[in-house]
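Descriptive structure summary
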Amino acid sequence: MNMNALMQQAQKMQKDILKKQEEIQKSEYTGSSQLVDVVIYGTKKIKSINFKDLENLDKEDLEMLEDMIKIAINEAISKVEADVEKRLGAYGKTVGGLF
């Protein structure tokens, strides 16, 4: 393989990676727990937090609600990371794990 063809292949790979990164950043991921739904962007920034069934919640249950929020956020972040691995994992392995 000549150097010119290698450079063209590298440029194509770079364009593919940038396109997939943009797609991920624009995507939304939802994490859920019993009391909370959290939606985040692929940038791992929170878009929304929605509470469910709060009319049955006592003040003593606020600690549990905090835990449910953490669970939902962590689930949504895990979905972002899984999508990044799915879309870009092959590139990361190809270029020495830069991602």
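In what follows, the structure referred to is the one given above.
Residues numbered from 1 in each chain as written. Predicted model: local features only at pLDDT ≥ 70, side-chain atom pairs only at ≥ 80, totals over all residues. Heavy atoms only, no water.

1. Structural notes on the sheet that holds strand S3 (residues 46–51)
Reading across the sheet, the three strands line up as S1-S2-S3 and stay open at both edges, with antiparallel pairing between neighbours. This sheet does not close on itself; its edge strands, each paired only once, are strand S1 (28–32) and S3. Each strand axis lies, on average, 15° off the axis of its neighbour in the sheet, ignoring direction. As defined by bridge partners, S1 adjoins strand S2 (residues 36–41) across five bridges and the pair is classed as antiparallel. Looking at the pairing, Ser32 lines up with Asp37 of S2. (Pairing = 2+ DSSP bridges. Helix = DSSP H or I, 4+ residues; strand = E, 2+ residues; numbered from the N terminus. Axes fitted to C-alpha atoms, helices over the stretch in contact; angles between N-to-C directions.)

2. Digging into unusual backbone geometry
At Lys44, a residue that is not glycine, the phi angle is positive and equals roughly 70°. Mapped onto the secondary structure, Lys44 falls in the loop between S2 and S3.

3. Digging into the pattern of salt bridges
Evaluation of the coordinates by the stated rule reveals eight salt bridges. Taken together, the shared-partner salt bridges in this structure form one network comprising Glu23, Asp83 and Arg87. (Salt bridge = Lys/Arg side-chain N within 4 Å of Asp/Glu carboxyl O.)

4. A few points about the nonpolar core
As a rule of thumb, soluble globular proteins bury nonpolar side chains together. One finds Tyr29, Leu35, Val36, Val38, Ile40 and Leu88 to be the most contacted residues of the largest nonpolar core, which totals 15 residues. It is helix H2 (residues 62–94) that contributes the most residues to this core, eight residues altogether. When residues no more than four places from it in sequence are discounted, the contact partners of Leu88 are Ile17, Lys20, Gln21 and Ile24. (Core = buried A, V, L, I, M, F, W, Y, C linked by side-chain atoms within 4.5 Å. Buried < 20%, exposed > 50% of the residue type's maximum accessible area, 1.4 Å probe, protein only. Contact = heavy atoms within 4.5 Å.)

5. Brief notes about the environment of Ile71
By the element assignment, Ile71 lies in helix H2. With 12 residues separating them in the primary sequence, Ile71 and Lys59 have C-alpha atoms 19 Å apart. With residues near it in sequence (within four places) discarded, Ile71 still touches Ser32 and Ser33.

6. Side note on a nonpolar patch on the surface
Residues Ile46, Ile49, Phe51 and Leu54 make up a contiguous nonpolar surface patch of roughly 320 Å² in combined accessible area. Looking at Leu54, the relative accessible area reads 34%, which means it is partly exposed. (Patch = residues over 30% accessible without salt bridge, like charges linked within 9 Å, V, L, I, M, F, W, Y side chains within 5 Å. Areas by Shrake-Rupley, 256 points an atom, 1.4 Å probe, with all protein chains shown as cover.)

7. Notes on the environment of Tyr91
Note that Tyr91 resides in helix H2. Sequence separation of Tyr91 and Ile49 is 42 residues, and the distance between their C-alpha atoms is 33 Å.

8. Concerning the side chain of Asp83
Topologically, Asp83 is positioned in helix H2. Judged by relative accessible area, which is 13%, Asp83 ranks as buried. Setting aside its immediate chain neighbours within four residues, Asp83 contacts Ile24 and Tyr29.

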